[in-house]
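Each chain, letter by letter, is given below.
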Amino acid sequence: MSNTNELIPYIVEERPDTGFNNATLGIWLFLASEIMLFGALFSSYILLRASAAHWPAGASILNIPLATLNTAILVASSIAVVFAWASLKENNFGKFRACFGFSILCGLVFLAIKTFEYKAKFAHGLYPSSHPFLALYFTLTGLHALHIIGGLVVNSYLLGPGAKMYKHDPHQYEHRIEIAGIYWHFVDLLWIILLFPVLYLL
Amino acid sequence: MSETTPQASQQDVQKTVGMYKRLFTILVVITAIGIILAYTKLSVGIAVSVALIIMVLKSKVVWDSFKSLVIGRKLLIIVFSLTVIFVAGLLLGPVLNHSGHIVGTVDISKDLQQDEKPLEAHHHGD
């Protein structure tokens, strides 16, 4: 790995011109593009809602208690990631594994509940083609679920095979967890700030 | 996660953890208020206004928590300013078009009205 650091500069240390290392700059640019993506979908939501003569209230179709539970699960997951990162900083790898593993478990439970919700909709004949509201609901929550899956893949790798790095390069490993944590917080905040209020509560 | 130097003190770490705890506590409280409001019978206009206020509040809380990572970093400020302009432009499109369609596109409002189905008829408890 030390050879990689020599070949690729600014993996951990900051570039003097930008003030960032590669991963930090990369994750912020990626998140900016994500904001644009979800901003475009949110704009579609406003356009369709403003155009529709009839728009169902989220509470009349969607299951608010389940979505509230999912919100709580994501909040717990984000806090667990923070504790995991803090544990690494305190050189407590065992606690890190427990906290990071818990956050992954929370992500899986979130997806399981989401699958249950989708199945209930399909069972009642509610498909994306049924109404623009449902089209937006499935698009936004489906895209968000894909982001959760992506985060789970990365976090699982970091907890499993990727954890070997901690033995020979703990600082870079901490940095990877930090970057993965920023992404995970973004995905959670996206749900808490945008998707849950707009789809379920409006 | 806040970016810390390798020599970041435990105090800094605890400060960051405290910041996250505070952030998520505030978000949970605001979300709880939103959930309560969702069950009250408000008119569409008031409901949308309240929802927007809640979203702005949440965004403000998040910004207050993360601004230390952005402020002083010119590149990030440029990137996120462009992002905000892009999203604001996208949002202004439909808002400024009172006829319900974006200039240069076909008017889909009539089609949408025809496609409306009484979804509440499918109401269920999941």
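So, a few notes on the structure that sits alongside this text. (Residues numbered from 1 in each chain as written. Chains lettered and ligands numbered in written order. Predicted model: local features only at pLDDT ≥ 70, side-chain atom pairs only at ≥ 80, totals over all residues. Heavy atoms only, no water.)

## Digging into the overall build of chain A
Then, in step 1: When its secondary structure is counted, chain A shows eight helices and zero strands.
Then, in step 2: Along chain A, from the amino end to the carboxyl end, the secondary structure elements read α-α-α-α-α-α-α-α.
Then, in step 3: Overall, the C-alpha framework of chain A stretches about 60 × 35 × 20 Å when taken along its three principal axes.
Then, in step 4: In chain A, which comprises 202 residues, the share counted as buried stands at 59%.
Then, in step 5: Counting 11 positive and 11 negative side-chain charges, chain A places the averaged centre of each group 13 Å from the other. (Helix = DSSP H or I, 4+ residues; strand = E, 2+ residues; numbered from the N terminus. Buried < 20%, exposed > 50% of the residue type's maximum accessible area, 1.4 Å probe, protein only. Lys, Arg positive; Asp, Glu negative; His and termini not counted. Charge placed at Lys NZ, Arg CZ, Asp CG, Glu CD.)

## As for the pattern of salt bridges
All names here are of chain A.
Then, in step 1: Inspection of the entire model under this criterion finds three salt bridges over all chains.
Then, in step 2: The salt bridge involving E117 is made with K114; its shortest N-O contact spans 3.1 Å. On the criterion of helical spacing, the pair formed by E117 and K114 is a turn pair, its members being three residues apart in helix α5 (residues 93-123).
Then, in step 3: Using a relative accessible area of 0% as the deciding quantity, one classes E117 as buried.
Then, in step 4: The buried category is assigned to K114, whose relative accessible area is 3%. (Salt bridge = Lys/Arg side-chain N within 4 Å of Asp/Glu carboxyl O.)

## Points about the interface of chain A and chain B
Then, in step 1: If you look at the interface, chain A gives 67 residues, while chain B gives 59 residues.
Then, in step 2: A combined buried area of about 5,700 Å² lies between chain A and chain B, and 75% of that area is made up of carbon and sulfur atoms.
Then, in step 3: Three residues, W28, W85 and I193 of chain A, lead the burial of chain A against chain B; their summed loss comes to 11% of the area buried on that side.
Then, in step 4: Summed over the shared surface of chain A and chain B, the number is zero salt bridges.
Then, in step 5: Between the two partners, chain A and chain B, sit four residue pairs in polar contact (both at pLDDT 80 or more). (Contact = heavy atoms within 4.5 Å. Buried area = accessible area lost by both parts, 1.4 Å probe. Polar contact = N/O pair within 3.5 Å; in protein donor to acceptor, adjacent residues only side chain to side chain.)

## Things to note about the layout of surface pockets
Then, in step 1: By volume, the largest pocket is sized at about 1,500 Å³.
Then, in step 2: What lines the largest pocket is a set of 40 residues, among which I35 and I193 of chain A together with M55, S59 and V87 of chain B lie closest to the centre.
Then, in step 3: Secondary-structure elements contributing two or more residues to the lining of the largest pocket are α2 (22-51) and α8 (170-201) of chain A together with α2 (44-70) and α3 (74-96) of chain B.
Then, in step 4: In terms of residues, the lining of the largest pocket owes the most to one element, α2 of chain B, which gives twelve residues.
Then, in step 5: Taken together, the residues that form the lining of the largest pocket break down as 33 nonpolar, five polar and two charged.
Then, in step 6: When its volume is computed, the second largest pocket comes out at roughly 460 Å³.
Then, in step 7: Around the second largest pocket sit 20 residues that line it, and A57, L201 and L202 of chain A together with A38 and T40 of chain B are the ones nearest its centre.
Then, in step 8: For the lining of the second largest pocket, the elements supplying multiple residues, two or more each, are α8 of chain A together with α1 (10-39) and α2 of chain B. (1 Å grid on protein atoms, 1.4 Å probe; cavity = no way out; pocket = protein on both sides within 12 Å on 5 of 7 lines; lining within 4 Å. Points joined across faces, edges and corners; volume = space filled by probe spheres on them. Nonpolar A, V, L, I, M, F, W, Y, C, P; charged D, E, K, R; others polar.)

## A word on the packing of α8 of chain A against α1 of chain B
Then, in step 1: As a packed pair, α8 of chain A and α1 of chain B sit with axes 10 Å apart at the nearest point and diverge in direction by 10°. As the angle between them shows, α8 of chain A and α1 of chain B are arranged roughly parallel. Where α8 of chain A approaches α1 of chain B, its residues H185, L189, I192, F196 and L201 of chain A are matched on the opposing element by Y20, F24, L27, T31, G34, I35 and A38 of chain B.
Then, in step 2: Here the contact of α8 of chain A with α1 of chain B is composed, by residue class, of nine nonpolar, three polar and no charged. (Axes fitted to C-alpha atoms, helices over the stretch in contact; angles between N-to-C directions. Parallel < 35°, antiparallel > 145°, perpendicular 65-115°, else oblique.)

## A word on the nonpolar core
Residues and elements named next belong to chain A.
Then, in step 1: One finds W28, F96, F100, Y173, W191 and Y200 to be the most contacted residues of the largest nonpolar core, which totals 93 residues.
Then, in step 2: No other element matches α8, which puts 21 residues into this core.
Then, in step 3: Those residues within four positions of Y200 in sequence are excluded, and the remaining contacts are G58, A59, L62, N63, I64, A67, K114, E117, Y137, W191 and L195. (Core = buried A, V, L, I, M, F, W, Y, C linked by side-chain atoms within 4.5 Å.)

## Remarks on a nonpolar patch on the surface
Residues and elements named next belong to chain A.
Then, in step 1: A cluster of nonpolar side chains, namely F102, L105 and V109, defines an oily patch on the protein surface of about 250 Å² accessible area.
Then, in step 2: Relative to the elements of secondary structure, V109 occurs in helix α5.
Then, in step 3: Residue classification places V109 among the partly exposed positions, given a relative accessible area of 34%. (Patch = residues over 30% accessible without salt bridge, like charges linked within 9 Å, V, L, I, M, F, W, Y side chains within 5 Å. Areas by Shrake-Rupley, 256 points an atom, 1.4 Å probe, with all protein chains shown as cover.)

So far we have only geometry, and geometry alone does not tell us how the molecule works.
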